[in-house]
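# Close look at the chain arrangement
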Amino acid sequence: MIELETGRQVCAAAVLLTEAAEVNESLLTGESAPVRRSAGEHLLSGSFVVSGRCRARVEHVGKENYAARIAQEAKALRGVRSELLTSMRKVTRFTGYWIPFLGVLLFLEALFLRGDPVQDAVVATSAGLLGMLPKGLVLLTSISLAAGIIALSRSGTSPSP
């Protein structure tokens, strides 16, 4: 048995036994307005008593709590595999492997074949490597995502409830 009053957090899933109370379940359900609960109704762990004083019988504790179940389900969700992100990772990985090798080649070419001093060879190598970085990749990705959103909205796709 637990006794709850205004400002207290419901520490475990419980069934309300006496009187009515208003609880704020926004952290759990996203509902911004307080919900009125009366005797026999369930109180979710993690919610807050906004008004009233009541007694409740604890039903679930630990991993069986509503909040704990939500957290466990969130951990179990896997990320969505996107072809766009996969392609970007491939390009980044490819350039990441080849740029250091090409940097050494550019430096040696500037130093020995062109006969540049070391300082000029470093500057020329840096300029060459900077041009190899996929600077436009973020812009290209943003444009692709925006085009996808526009195409989805034109086809009448709406967000899921």
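Fair warning: this is a prediction, and the values are worked out from it, not measured in the lab.

Definitions and cut-offs
- Residues numbered from 1 in each chain as written.
- Predicted model: local features only at pLDDT ≥ 70, side-chain atom pairs only at ≥ 80, totals over all residues.
- Heavy atoms only, no water.
- Phe/Tyr/Trp six-rings, centres within 6.5 Å; stacked < 30°, edge-to-face > 60°.
- Helix = DSSP H or I, 4+ residues; strand = E, 2+ residues; numbered from the N terminus.
- Buried < 20%, exposed > 50% of the residue type's maximum accessible area, 1.4 Å probe, protein only.
- Core = buried A, V, L, I, M, F, W, Y, C linked by side-chain atoms within 4.5 Å.
- Contact = heavy atoms within 4.5 Å.
- Salt bridge = Lys/Arg side-chain N within 4 Å of Asp/Glu carboxyl O.
- Patch = residues over 30% accessible without salt bridge, like charges linked within 9 Å, V, L, I, M, F, W, Y side chains within 5 Å.
- Areas by Shrake-Rupley, 256 points an atom, 1.4 Å probe, with all protein chains shown as cover.
- Lys, Arg positive; Asp, Glu negative; His and termini not counted.
- Charge placed at Lys NZ, Arg CZ, Asp CG, Glu CD.

### Details of the packing of aromatic side chains
If you walk through the whole model with that rule in mind, you get two aromatic pairs. Between Phe94 and Trp98 the ring centres are 6.3 Å apart and the planes differ by 50°, which places this aromatic pair in the tilted class. Note that Phe94 and Trp98 are positioned in helix H3 (residues 83–113) at a spacing of four residues, about one turn of the helix. Here Trp98 falls in the partly exposed class, since its relative accessible area comes to 43%. A ring pair is formed by Trp98 and Phe101, whose centres lie 5.7 Å apart and whose planes are at 75°; its orientation type is edge-to-face. Of this pair, Trp98 and Phe101 both sit in helix H3, three residues apart, which is roughly one turn of the helix. Three or more aromatic residues joined by ring pairs form one cluster here, namely Phe94, Trp98 and Phe101.

### What to know about the nonpolar core
The biggest cluster of nonpolar side chains holds eleven residues, and these are Ile2, Leu4, Val10, Ala14, Leu16, Ala21, Val23, Leu43, Val49, Cys54 and Ala56. For this core, the secondary structure elements donating two or more residues are strand S1 (2–5), strand S2 (13–16), strand S3 (21–24) and strand S7 (53–60). Contacts of Leu16, omitting those with residues within four sequence positions, involve Ala21, Arg37, Ser38, Ala39, Gly40, Glu41, Leu43, Cys54, Arg55 and Ala56.

### What about the environment of Ala39?
Tracing the backbone through its elements, the reader meets Ala39 in the loop between strand S4 (35–37) and strand S5 (42–43). For the pair Ala39 and Val15, spaced 24 residues apart in the sequence, the C-alpha separation amounts to 7.6 Å. Sequence-distant contacts of Ala39, defined by excluding residues within four places in its chain, comprise Leu16, Leu17 and Glu19.

### Things to note about the pattern of salt bridges
Under the counting rule described, the total for this entry stands at seven salt bridges. Its salt-bridge partner being Arg55, residue Glu3 comes within 3.4 Å of it at the nearest N-O pair. Within this pair, whereas Glu3 is found in strand S1, its partner Arg55 is found in strand S7, the two being separated by 52 residues in sequence. In this structure Glu3 comes out as partly exposed when scored by relative accessible area, which is 40%. Note that Glu59 is salt-bridged to Arg57, the shortest N-O span being 3.6 Å. The partly exposed category is assigned to Arg57, whose relative accessible area is 40%. Among the charged side chains, a salt-bridge network with shared partners connects Glu3, Glu5, Arg53 and Arg55.

### Considerations on a positive patch on the surface
A cluster of basic residues, Arg81, Arg89, Lys90 and Arg93, forms a positive patch at the surface. Among the secondary structure elements, Arg81 is positioned in the loop between helix H2 (66–76) and H3.

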